[in-house]
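Take a look at the letters that make up each chain.
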Amino acid sequence: MRWVVFLRAANVGKHNRFQPAILAKELARFGFVNVGAVGTFVVRENVGETALRAALLRKLPFKCE
């Protein structure tokens, strides 16, 4: 299944900071594409929710639900 990922409250003020372009490069194997809006991505590859969540949580420098 393909996905749209929105990281709510990311890169707001000094909290939950990360670089979207770098995250997209690190998750390129999933076809992760940075849409340009802060914290919004498209996942082009056919990947399951569990695998996508696990990979995303490992790469983010902050706790995410």
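This write-up is about the structure you can find in this document. (Residues numbered from 1 in each chain as written. Predicted model: local features only at pLDDT ≥ 70, side-chain atom pairs only at ≥ 80, totals over all residues. Heavy atoms only, no water.)

Brief notes about the overall build of the chain
Using the following cut-off: Helix and strand assignments follow DSSP, with helices taken as H or I runs no shorter than four residues and strands as E runs no shorter than two, numbered in order from the N terminus. Taken over C-alpha atoms, the radius of gyration is set against a globule rule of 2.2 Å times the number of residues to the power 0.38. Burial classes: relative accessible area under 20% of the type maximum marks a residue as buried, over 50% as exposed, and values in between as partly exposed (1.4 Å probe, protein chains only). The criterion used for residue contact is that any of the two residues' heavy atoms lie within 4.5 Å. The protein chains shown are the only cover counted for residues, whose accessible areas, like all others here, come from Shrake-Rupley with a 1.4 Å probe.
Scanning the chain for helices and strands turns up two helices and three strands. Listed by position from the N terminus, the elements making up the chain come as β-α-β-β-α. Whereas a compact globule of 65 residues would reach a radius of gyration of roughly 11 Å, the chain reaches 11 Å, a difference of no more than 12%. For the C-alpha atoms alone, the extent of the chain along its principal axes is close to 35 × 20 × 15 Å. Considering the chain as a whole, with its 65 residues, one finds that 34% of them fall into the buried category. Residue pairs in contact within the chain that sit at least 24 positions apart in sequence constitute 53% of those at least 6 positions apart. On the chain, roughly 4,700 Å² of surface is accessible, and the fraction owed to carbon and sulfur atoms is 54%.

Things to note about the side chain of threonine 40
As for its placement among the helices and strands, threonine 40 is situated in strand β3 (residues 40-43). Threonine 40 gets classed as buried once you look at its relative accessible area, which sits at 14%. Leaving out residues up to four positions away in the same chain, threonine 40 has contacts with Val5, Phe6, Val33, Asn34 and Val35.

Thoughts on the pattern of salt bridges
Selection rule: When a carboxyl oxygen of Asp or Glu is within 4 Å of a side-chain nitrogen of Lys or Arg, the pair counts as a salt bridge.
The final tally for this structure, using the stated rule, is one salt bridge. For glutamate 49, the salt bridge is made with arginine 53, and the minimal N-O distance between the two is 3.0 Å. Residue glutamate 49 and its partner arginine 53 are located together in helix α2 (residues 49-59), separated by four residues, close to a single helical turn.

Topic: the sheet that holds β3
Sheet strands pair by backbone hydrogen bonding; their relative direction is either parallel or antiparallel. Under the convention used in this document: We treat two strands as partners when DSSP finds at least two bridges between them. In this analysis an axis means a line fitted to C-alpha atoms, helices contributing only their contacting stretch, and an angle means the value between N-to-C directions, from 0 to 180 degrees.
Strand order across the open sheet formed by three strands is β1-β3-β2, with antiparallel pairing between neighbours. Both edges of this open sheet fall to β1 (3-6) and β2 (32-34), since each of them pairs with a single strand only. If you compare each strand with its neighbour and ignore which way they point, the axes differ by 25° on average. Here α2 sits on the sheet in contact with β1, β2 and β3, set at roughly 35° to β1.

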